[in-house]
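What follows is the residue order along each chain.
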Amino acid sequence: MNNRIKELRARSNLTQLDLAKMVGVRRETIVFLEKGKYNPSLKLAYDVSRVFKSKIEEVFIFEES
Amino acid sequence: MLDFVNFNLNLMKKLFLPLFIVTYVVILSGIWIFQTGSLEESSSHLFTEYFYVGVISVFFVIGIYIGYQRIKRRKQGLPEEDEMSKRITQKAAATSFYISLFLWLLLIYIQDRILTDIRILFGYGIIGMALIFVISWFIYNYKGVINE
């Protein structure tokens, strides 16, 4: 699963720390999400998407393996 | 009122439990080293005892580091734990349990051949399990958990 968190975060002028605070996770979780090393729960995916005022599928891109 | 009590209990659990465990281990190790006279030249299992002290020291440093990180996160307004850290701990626990089964099989196999003292065998087993957990935790912390 890929995502556009880094791109959207840069566009919104948010740091990883800001985003982490807004969605209530540790900064490391945001780092791992951006690197694609962690697949978030549905709740976290929803929270992150809501910060960027986007739909989940616009932030997280599912790929058939 | 009940919320306040719950909040304080959670704070105690998250911040002070690791520090309590570290202190507990250090006190027990201190008693073991200074009361039993381990680490003396005459001790017959000097290598084993230095190994135990080395591993316990590593755990002590890691415990202090984790406690420090948690306090730092709290000051930044971030949670000490989140879904990813919980998933990493769960995955490390599952992996280390699986590997530990093989460790115990190996220890049982060598029991009659190399290590005859059952206490040392248990010591290696327990310390080995803890080491495997810590190594698994660091690997998952570095590699991440994808779950695809």
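Everything that follows concerns the structure shown earlier in this document.
Here goes a summary of the coordinates provided.

Rules used throughout
- Within each chain, residues carry numbers counting from 1 in the order of the written sequence.
- Written order determines the labels here, with chains lettered from A and ligands numbered from 1.
- Side-chain atom pairs in this predicted model are given and counted only at pLDDT of 80 or more, local residue features only at pLDDT of at least 70, and totals for whole chains, interfaces and linings cover all residues.
- For helices the rule is a DSSP run of H or I covering at least 4 residues; for strands it is a run of E covering at least 2, with both sets numbered from the N terminus onward.
- A residue is called partly exposed when the number of other C-beta atoms within 10 Å of its own lies between 12 and 20, exposed at 12 or fewer, and buried at 20 or more, with C-beta atoms placed from the backbone.
- For this analysis, nonpolar core means a set of buried Ala, Val, Leu, Ile, Met, Phe, Trp, Tyr and Cys residues linked through C-beta atoms within 7 Å.
- Angles shown run from 0 to 180 degrees and are taken between the N-to-C directions of axes, each axis being a line fitted to C-alpha atoms and, for helices, limited to the stretch in contact.
- For classification, angles of less than 35 degrees are called roughly parallel, those exceeding 145 degrees roughly antiparallel, those between 65 and 115 degrees roughly perpendicular, and all remaining angles oblique.
- Take the far helix as your reference; a near helix turned counterclockwise from it by less than a right angle gives a left-handed crossing, and one turned clockwise gives a right-handed crossing.
- This entry defines residue contacts through backbone-placed C-beta atoms, with two residues in contact when those atoms are within 7 Å.
- All residues other than Ala, Val, Leu, Ile, Met, Phe, Trp, Tyr, Cys, Pro, Asp, Glu, Lys and Arg, Gly among them, are scored as polar; the first ten of these are nonpolar and the last four charged.

## Here's the deal with the overall build of chain B
Okay, step 1: Of the regular secondary structure elements, chain B holds four helices and zero strands.
Okay, step 2: Going residue by residue from the N terminus, the α and β elements of chain B occur as α-α-α-α.
Okay, step 3: When the 148 residues of chain B are sorted by exposure, 7% land in the buried category.

## Here's the deal with unusual backbone geometry
Residues and elements named next belong to chain A.
Okay, step 1: For Asn 13, which is not a glycine, the phi torsion comes out positive at approximately 55 degrees.
Okay, step 2: Inspection of the secondary structure assignment puts Asn 13 in the loop between α1 (5-11) and α2 (16-23).
Okay, step 3: Exposure remark for Asn 13: the 7 C-beta atoms within 10 Å place this residue in the exposed category.
Okay, step 4: Unlike most non-glycine residues, Lys 53 shows phi in positive territory, near 50 degrees.
Okay, step 5: Residue placement: Lys 53 occurs in the loop between α4 (42-51) and α5 (56-59).
Okay, step 6: The class for Lys 53 is exposed, based on 9 C-beta atoms found within 10 Å.

## Examining the nonpolar core
Okay, step 1: Counting residues in each nonpolar core, the largest one holds 14 residues, and the members touching the most others are Ala 20, Val 23, Val 25, Ile 30 and Leu 33 of chain A together with Met 84 of chain B.
Okay, step 2: Elements that contribute at least two residues to this core include exactly α2 and α3 (27-35) of chain A together with α3 (83-111) of chain B.

## Topic: the packing of α2 of chain A against α4 of chain A
Residues and elements named next belong to chain A.
Okay, step 1: Across the interface, α2 lies against α4 with an axial gap of 10 Å and an inter-helix angle of 120 degrees. Between α2 and α4, the interaxial angle falls into the category oblique. The interaxial crossing formed by α2 with α4 has right-handed handedness. Residues Leu 19, Met 22 and Val 23 of α2 form the contact with α4, whose participating residues are Leu 44, Asp 47, Val 48 and Val 51.
Okay, step 2: When its residues are assigned to classes, the contact of α2 with α4 shows six nonpolar, no polar and one charged.

## Considerations on the environment of Ile 110 of chain B
Okay, step 1: Within the secondary structure, Ile 110 of chain B is located in helix α3.
Okay, step 2: In sequence terms Ile 110 of chain B and Ile 56 of chain B are 54 residues apart; their C-alpha atoms lie 24 Å from each other.

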